[in-house]
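Spelled out, the chains give:
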Amino acid sequence: YTWIGVMGSPCFIRCLLLLLLQGSIWITIAVPYESPSPPHIVFLLADDLGWNYVPWHNQKVIAPNLAELADAGVLLEQSYVQPVCSPSRSALMTGMYPFHLGRQSSPILAQQPSGVPLNFTFLPERLKDLGYSTHAIGKWHMGFCDIAYTPLQRGFDTFYGFYTGRVEYYNHTSCDLHIMHGYDFRDQEKVDLGANGTYSEELFTQRALEVINSQEEKNQPMFLYLPYQNVHGPFQVPNKFYNMYPNVEDNNTRIGMGMVSAMDMSVGLIVDALKDTGIYNNTIIVFSTDNGGVGGPLKDTNTPLRGSKATLWEGGTRGAAFVHSPLLQDTPRTYSGLMHITDWYNTLLSAAGAQHLPQNDGFNQWDAIRTGTRDSPRTKMIYNIDESSGSELYAAIRVGDYKFMMGEKATTVEPGPFLFNLKG
């Protein structure tokens with residue numbers, strides 16, 4: 001992208017943000033897609049997966065199942081997420097920008113008495129109203145200080161995974177910034193000690209297969225939300241995946257790529273199960289990262305994008321993503337329309353047949369993605385607005401191809417604010 005310059009007046013900056021904020025809540029009228037029966041929805045959310053750690057951006061990454069799905073589906077090359085974990089997950093589940101939830105800053109820490117506000121209705125709650133069974137398998141990271149913040153109280157019929165943001169992959173002990181330690185793995189709301197010693201991706205995959213196989217006996221659409229642990233630290237992977245990259249010299253990078261390959265095997269088994277049970281032809285598979293890849297330990301994780309996780313640069317916020325489904329028309333193709341993680345809320349509700357969509361920060365992009373004949377309804381986006389530091393506004397917005405950003409100090413010696421042309 002092209003740097004346009006810096007713009008200085010604090011009054012100008014705040015007025016610009018205020019004007020955009022006034023238009024940040026949109027009312028969407030649903031035009032539901034008429035399908036023979038409500039589609040199954042499988043949402044695969046990778047953790048800390050960088051732009052350059054997927055096979056359609058980097059041929060060195062060994063992930064044939066993901067590549068096959070992407071190559072036969074719709075690539076989303078302008079799909080944006082939040083810079084870190086909890087804000088992205090909060091936006092996905094509510095359709096709201098995190099600054100409207102009080103979740104615009106850092107991820108929720110294990111000892112933090114906080115969560116996504118309870119007055120917001122989560123996506124699975126609305127899907128249940130449409131007759132869906134709802135299942136969450138993997139990393140939660142949206143609060144557990146009170147039982148009311150946990151998955152079974154927020155619309156999911158089943159939960160299998162961990163509540164906190166960072167745990168060991170084998171012994172499932174929380175290692176949240178080395179402040180709080182403890183075993184964190186649950187089946188429903190009960191601690192599952194039987195998971196100890198098994199790599200998390202294997203556990204998640206096995207439970208996902210059980211959920212999918214159970215659909216054969218049900219006349220009910222399924223929402224399967226699978227927020228993977230990979231490739232979040234600590235960097236751990238079975239040897240068989242590590243050994244797939246003998247020519248990668250950097251050890252952390254070799255582990256990281258191996259973790260992508262481990263996730264890819266899980267995706268392949270899940271797709272096979274969808275086909276074996278006969279529900280694949282009426283299933284929508286969404287794949288996305290929750291934020292950009294980490295810098296430092298992993299080399300070139302977001303190349304050629306600038307920045308990394310926890311920054312407002314494109315490397316921290318533009319996510320690798322695709323949609324795959326036999327319900328899509330004119331595939332394969334690339335969807336270059338602007339999209340934000342808040343959009344999935346109304347997009348998936350529309351795909352599920354909802355007659356009325358709620359007011360939130362997202363757009364219904366289902367027809368644009370499904371047909372390829374419509375432009376994205378989104379033309380502007382707020383990356384984030386955060387004044388929690390108390391000293392300086394940390395924010396970025398995009399209007400068309402122009403990005404205005406301030407308060408970001410990573411990878412730059414300029415004080416900002418900045419204006420970029422992302423297509424320049």
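Since the model is a prediction, treat every value here as computed from it, not as a measurement. Here the residue numbering is sequential within each chain, running from 1 through the sequence in written order. This being a predicted model, a pLDDT of at least 70 is required before a residue's local features are given, and a value of 80 or more before pairs of side-chain atoms are given or counted; all residues contribute to the totals for chains, interfaces and linings. Only heavy atoms go into the side-chain values, all of them from the structure, while hydrogens and water stay out.

### Observations concerning the pattern of salt bridges
One speaks of a salt bridge when a side-chain nitrogen belonging to Lys or Arg is within 4 Å of a carboxyl oxygen belonging to Asp or Glu. This structure, assessed with the given rule, holds 14 salt bridges. As a salt-bridge pair, Arg89 and Asp47 come within 3.4 Å of each other at their nearest N and O atoms. In this pair, Arg89 sits in helix 3 (residues 85–94) while Asp47 sits in the loop between strand 2 (40–46) and helix 2 (64–71), placing the two residues 42 residues apart along the sequence. The same class applies to Arg89 and to Asp47, which are both buried. When the shortest N-O distance is used, the salt bridge between Arg370 and Asp367 registers 3.2 Å. With a gap of 3 residues between them, Arg370 and Asp367 both fall in helix 10 (residues 366–371), about one helical turn apart. Under the scheme applied here, a residue whose accessible area is under 20% of the maximum for its type counts as buried, over 50% as exposed, and between as partly exposed, the area being computed with a 1.4 Å probe on protein chains only. When its relative accessible area of 10% is taken as the criterion, Asp367 is described as buried. The secondary structure listing takes helices from DSSP runs of H or I that are at least 4 residues long and strands from runs of E that are at least 2 residues long, numbered from the N terminus.

### Some thoughts on the packing of aromatic side chains
Ring pairs are drawn from Phe, Tyr and Trp, using the six-membered ring of Trp, whenever the two centres fall within 6.5 Å, and their geometry is named by plane angle: stacked under 30 degrees, edge-to-face over 60, tilted for the rest. Going through the model one piece at a time under the given rule, you end up with 22 aromatic pairs. Taking the centre distance of 6.1 Å and the plane angle of 40° together, the rings of Phe122 and Trp140 count as tilted. Residue Phe122 is found in the loop between helix 3 and helix 4 (123–129), and its partner Trp140 is found in the loop between strand 5 (133–139) and strand 6 (158–162); the two are separated by 18 residues along the sequence. There is no split in this pair, since Phe122 and Trp140 are both buried. Note on Phe287 and Phe322: the rings are 5.3 Å apart at their centroids and 20° apart in plane angle, and the pair reads as stacked.

### Focus on the packing of helix 5 (residues 200–214) against helix 7 (residues 251–276)
Between helix 5 and helix 7, whose axes approach to 10 Å, the crossing angle comes to 10°. Overall, the two elements helix 5 and helix 7 adopt an arrangement that is roughly parallel. Residues Glu201, Thr205, Ala208, Leu209, Ile212 and Asn213 of helix 5 form the contact with helix 7, whose participating residues are Ala262, Met263, Ser266, Leu269, Ile270, Ala273 and Leu274. Each residue gets one of three labels, nonpolar for Ala, Val, Leu, Ile, Met, Phe, Trp, Tyr, Cys and Pro, charged for Asp, Glu, Lys and Arg, and polar for the others, Gly among them. Class assignment of the residues belonging to the contact of helix 5 with helix 7 gives a composition of 9 nonpolar, 3 polar and 1 charged. The angle between two axes is taken between their N-to-C directions and runs from 0 to 180 degrees, where each axis is a line fitted to C-alpha atoms and a helix contributes only its stretch in contact. Each angle receives one of four descriptions, namely roughly parallel if under 35 degrees, roughly antiparallel if over 145, roughly perpendicular if within 65 to 115, and oblique otherwise. Residue contacts are counted whenever heavy atoms from the two residues lie within 4.5 Å of one another.

### A short note on unusual backbone geometry
Of note, the amide linkage connecting Asn230 to Val231 takes the cis form, showing an omega dihedral of 10°. Structurally, the position occupied by Val231 is in the loop between strand 11 (222–227) and helix 6 (239–242). Of the consecutive residues Thr331 and Pro332, the connecting peptide bond is found in the cis state with omega at 0°. Along the chain, Pro332 turns up in the loop between strand 13 (321–324) and strand 14 (333–335). The phi angle at His141 is positive, at roughly 60°, despite the residue not being glycine. Here His141 shows up in the loop between strand 5 and strand 6. For His141, a relative accessible area of 4% gives the class buried. Phi at Asp300 takes a positive value of approximately 55°, unusual for a residue other than glycine. Here Asp300 lies in the loop between strand 12 (283–289) and helix 8 (314–317).

### Structural notes on helix 5
Expected helix span is computed as 1.5 Å times (number of residues minus one). Here helix 5 spans 21 Å end to end across 15 residues, near enough to the 21 Å set by a 1.5 Å rise per residue. Inspection of helix 5 places Ser200, Glu201, Leu203, Phe204, Thr205, Ala208, Leu209, Val211 and Ile212 among the buried residues, and these make up the whole buried set. In this structure, the buried side of helix 5 is in contact with strand 5, strand 6, strand 11 and helix 7.

### Structural notes on the nonpolar core
The criterion is simple. A nonpolar core is a set of buried Ala, Val, Leu, Ile, Met, Phe, Trp, Tyr and Cys residues joined through side-chain atoms within 4.5 Å. Grouped together as the largest cluster of nonpolar side chains are 54 residues, with contacts concentrated most on Trp56, Leu274 and Phe287. Where this core is concerned, the elements lending two or more residues are strand 2, helix 2, strand 6, helix 5, strand 11, helix 7 and strand 12. What Leu274 contacts, discounting residues up to four positions off in sequence, is Val42, Ile212, Met222, Ile279, Tyr280, Thr283 and Ile285. If you look at the next biggest cluster of nonpolar residues, it comprises 42 residues, including Val116, Trp140, Met142 and Ala354.

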